Amino acid sequence: MSLNDSWMQRDLAVLWHPCTQMKDHEQLPLIPIRRGEGVWLEDFDGKRYLDAVSSWWVNVFGHANPRINQRIKDQVDQLEHVMLAGFSHQPVVELSERLVALTPAGLDRVFYTDNGSTGIEVALKMSFHYWRNSGRGQKQRFVTLTNSYHGETVAAMSVGDVALFTDTYKPLLLDTFKVPSPDCYLRPEGVSWEEHSRQMFAHMEQTLAEHHQDIAAVIVEPLIQGAGGMRMYHPVYLKLLREACDRYEVHLIHDEIAVGFGRTGSMFACEQAGITPDFLCLSKALTGGYLPMAAVLTTDQMYRAFYDDYSTLRAFLHSHTYTGNPLACAAALATLDIFAEDNVIEANRALATRMASATAHLVEHPHVAEVRQTGMALAIEMVQDKASRTAYPWQERRGLKVYQHALERGALLRPLGSVVYFLPPYCITEEQIDFLAAVATEGIDIATRDASRASVATGPYPGFRDPG
Ligand SMILES: *Cc1c(COP(=O)(O)O)cnc(C)c1O
């Protein structure tokens, strides 16, 4: 038995994997990884895979990065953890100072949690609580875009709209206002991204005009709806949204958990709209993809609405046990150092250009409806019928065929349904981008070759994290 097989069997005897129909593993081998280096992951049989999706969008400077490793090693000898209520430590103070300095003016306070979903919960609870503390307790509801994703905990699911993750749990969810997304894949022919996003704002304006008395906040994934299939829109929407939120006295929550830290081409997506949200939620690449941590940045105005004598019970009594973990803070500090020292945002421009040129030929593919890109995220949407943009039935799991082909060729490309995408670490080279484009092209050819062959027997409908 190979080492891979032996680890796989031990794993499947005791583990229950995330976002997985475990029965799939009767056919689909699990891949035990022994080590990582840069963009590469290596399994127990010595086969290497280029991590084109940054291990679920977290890894920006490669696996086992020597600079991040060293910082964590130094920190672990000093202090591994201390509770953050009543106590503080050097890495958390330094990281908070750095984040306040790095993010748009006005975001002056940082609250930590230990993953993205709980960061969203904090923003939602703080917004709701702010209005209560301000004598406007009727502002309780949230506005969200169709096809959005904000995490897996119950309130985070409530403000999401990817049916695969939320439909089953509907009876548990908060009642939110869902506004049609500015998603430019859906724009009429001949209309620009900017025009379409601007026109779609009318729906948001209408919801805010009608219901602002009852609305606490609007939450959006700025520029890219990741889990919803890497759907993209123009920054003008965020600008209009900021103006409207000010006019109607509604908070604006930016979920930059996936798009923060350079993914859209700027350090934060909100920079492209020239705005400051009331809440900025960060996670994923925050620690370079090393350790779980999220940061929720907010304004001094928000902070002051909670600042009072204890007996008034206005405080935000929310905590997660590992809040502000020093090792995670150390990884984040090392990550921010690399951004600054290596001038990463600038250097990424050439890589983004190469991602575009390496995939440009796919626009002509008979089963590709669109190749779209925002900065260091590029997505290729496969369709059954190109002219009408008819999607493949989800049961056919076309993306899974691309995933399987890529693994054979030594690449980790994990499509979202029929959307093949590259979200690579920033240490990728231009030659490696060309390799990914070649593998994706072969995979798409294989996946779309035969219109009727695909199996429809098992599996959930495709979406985030599902190699459908
Ligand atoms: C991944 C993600 C989340 C949830 O983060 P977790 O750490 O998985 O809980 C929330 N919002 C967006 C936009 C994400 O991509």
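Small disclaimer: the values here were computed from a predicted structure and weren't measured.

A short note on the UniProt feature "modified residue: N6-(pyridoxal phosphate)lysine" (unreviewed entry) in the protein chain
Stage number 1. Taken from the UniProt record, the annotation "modified residue: N6-(pyridoxal phosphate)lysine" (unreviewed entry) applies to K284.
Stage number 2. If you trace the backbone, K284 turns up in the loop between β11 (279-282) and β12 (294-299).
Stage number 3. Judged by its relative accessible area of 16%, K284 falls in the buried class.

Side note on the nonpolar core
Stage number 1. Among the nonpolar cores identified, the biggest contains 107 residues, and L95, L99, M204, V218, L241 and F261 are the most heavily contacted of them.
Stage number 2. Looking at which element gives the most residues to this core, the answer is helix α11 (residues 326-341), with 10 residues.
Stage number 3. Viewed by domain, this core spans two of them, domain 1 (31-64 + 344-449) and domain 2 (68-342), each represented by three or more residues.
Stage number 4. Residues within four places of M204 in sequence aside, it is in contact with V143, L145, V179, V218, Y237 and L241.
Stage number 5. Counting residues in each nonpolar core, the second largest holds 23 residues, with I120, A217, F279 and F316 among its members.

Thoughts on empty space enclosed by the protein
Stage number 1. For the coordinates displayed, the defined rule picks out two cavities of 30 Å³ or more.
Stage number 2. The calculated volume of the largest cavity comes to roughly 60 Å³.
Stage number 3. The wall of the largest cavity is formed by W57, E221, I224, G226, M230, A258, V259, R263, A377 and L423.
Stage number 4. Classifying every residue of the lining of the largest cavity by side-chain character gives seven nonpolar, one polar and two charged.
Stage number 5. Taken as a whole, the second largest cavity encloses approximately 40 Å³ of empty space.
Stage number 6. Each residue belonging to the lining of the second largest cavity can be placed in one class, and the counts come to five nonpolar, four polar and one charged.

Observations regarding the sheet that holds β12
Stage number 1. With mixed pairing, the seven strands of this open sheet are ordered in space as β4-β12-β11-β10-β7-β5-β6. Each end of this open sheet is capped by a strand with a single partner; those strands are β4 (107-113) and β6 (177-179). Here the average twist between neighbouring strands, direction ignored, is 20°.
Stage number 2. Both β4 and β12 contribute to a ladder of six bridges, which runs antiparallel. Opposite R109, over in β12, you have T298 as the bridge partner.
Stage number 3. Along the sheet face, helix α9 (residues 236-248) touches β5 (141-145), β6, β7 (215-220) and β10 (251-255) and points at about 150° away from the line of β10.

Describing the pattern of salt bridges
Stage number 1. All chains considered together, the criterion is met by 28 salt bridges.
Stage number 2. R136 serves as the salt-bridge partner of E249, at 3.5 Å between the closest nitrogen and oxygen. Of the two residues, E249 is situated in the loop between α9 and β10 and R136 in the loop between α5 (116-133) and β5; the sequence distance between them amounts to 113 residues.
Stage number 3. Residue R398 is joined to E396 by a salt bridge in which the shortest nitrogen-to-oxygen separation is 2.6 Å.
Stage number 4. Look at E396 and you get buried, because its relative accessible area is 10%.
Stage number 5. Among the charged side chains, a salt-bridge network with shared partners connects D183, R187, R231, E370, R372 and E381.

Considerations on helix α4 (residues 90-102)
Stage number 1. For α4, built from 13 residues, the straight-helix expectation of 18 Å at 1.5 Å per residue is met to within 8% by its first-to-last C-alpha distance of 18 Å.
Stage number 2. Taken as a whole, α4 has its buried residues at P91, V92, L95, S96 and L99. Angularly, the buried residues of α4 cover 130° about the axis, an arc narrow enough to put them on a single face. Projecting away from the buried face of α4 at angles above 90 degrees are the exposed residues Q90, E97 and A101.
Stage number 3. Where α4 is buried, its residues touch α3 (66-78), β4, β11, β12 and α11.

Some details on the environment of E346
Stage number 1. Note that E346 resides in helix α12 (residues 344-359).
Stage number 2. Judged by its relative accessible area of 43%, E346 is partly exposed.
Stage number 3. As a C-alpha pair, E346 and A358 span 12 residues in sequence and 20 Å in three-dimensional space.

Here's the deal with the packing of helix α13 (residues 398-409) against helix α14 (residues 430-448)
Stage number 1. The N-to-C vectors of α13 and α14 enclose an angle of 135°; their axes lie 8 Å apart at closest approach. Here α13 lies oblique to α14, going by the angle between them. Handedness of the α13/α14 crossing: right-handed. For the pair α13 and α14, the contacting residues are R398, K401, V402, H405, A406 and R409 in the first and F435, V439, E442, G443, I444, I446, A447 and T448 in the second.
Stage number 2. Looking at side-chain class alone, the contact of α13 with α14 contains seven nonpolar, three polar and four charged residues.

Re the domain arrangement of the protein chain
Stage number 1. As far as domains go, the protein chain holds domain 1 (31-64 + 344-449) and domain 2 (68-342).
Stage number 2. Taken together, the contact between domain 1 and domain 2 spans 30 residues of the former and 28 residues of the latter.
Stage number 3. Of the roughly 2500 Å² buried between domain 1 and domain 2 on both sides combined, carbon and sulfur atoms contribute 61%.
Stage number 4. For the domain 1 face of the interface with domain 2, the top three residues by lost area are W57, F61 and T374, together amounting to 25%.
Stage number 5. With a closest N to O distance of 3.4 Å, R187 and E370 form a salt bridge.
Stage number 6. Where domain 1 touches domain 2, the interface holds 13 residue pairs in polar contact (both at pLDDT 80 or more).
Stage number 7. Taken together, the elements giving at least two residues each to the side of domain 1 that touches domain 2 come down to α2 (54-57), α12, β13 (368-374), β14 (377-382) and β16 (419-422).
Stage number 8. Per-element accounting of the side of domain 1 that touches domain 2 gives the leading share, five residues, to β13.
Stage number 9. Considering only residue class, the side of domain 1 that touches domain 2 consists of 19 nonpolar, seven polar and four charged.

Rules behind the numbers
- Residues numbered from 1 in each chain as written.
- Predicted model: local features only at pLDDT ≥ 70, side-chain atom pairs only at ≥ 80, totals over all residues.
- Heavy atoms only, no water.
- UniProt positions renumbered as here; feature names shortened; annotations may be inferred.
- Helix = DSSP H or I, 4+ residues; strand = E, 2+ residues; numbered from the N terminus.
- Buried < 20%, exposed > 50% of the residue type's maximum accessible area, 1.4 Å probe, protein only.
- Core = buried A, V, L, I, M, F, W, Y, C linked by side-chain atoms within 4.5 Å.
- Domains from an automatic or database assignment.
- Contact = heavy atoms within 4.5 Å.
- 1 Å grid on protein atoms, 1.4 Å probe; cavity = no way out; pocket = protein on both sides within 12 Å on 5 of 7 lines; lining within 4 Å.
- Points joined across faces, edges and corners; volume = space filled by probe spheres on them.
- Nonpolar A, V, L, I, M, F, W, Y, C, P; charged D, E, K, R; others polar.
- Pairing = 2+ DSSP bridges.
- Axes fitted to C-alpha atoms, helices over the stretch in contact; angles between N-to-C directions.
- Salt bridge = Lys/Arg side-chain N within 4 Å of Asp/Glu carboxyl O.
- Expected span 1.5 Å × (residues − 1).
- Arc of directions from axis to C-beta.
- Parallel < 35°, antiparallel > 145°, perpendicular 65-115°, else oblique.
- Left-handed = near helix turned anticlockwise from the far one by under 90°.
- Buried area = accessible area lost by both parts, 1.4 Å probe.
- Polar contact = N/O pair within 3.5 Å; in protein donor to acceptor, adjacent residues only side chain to side chain.

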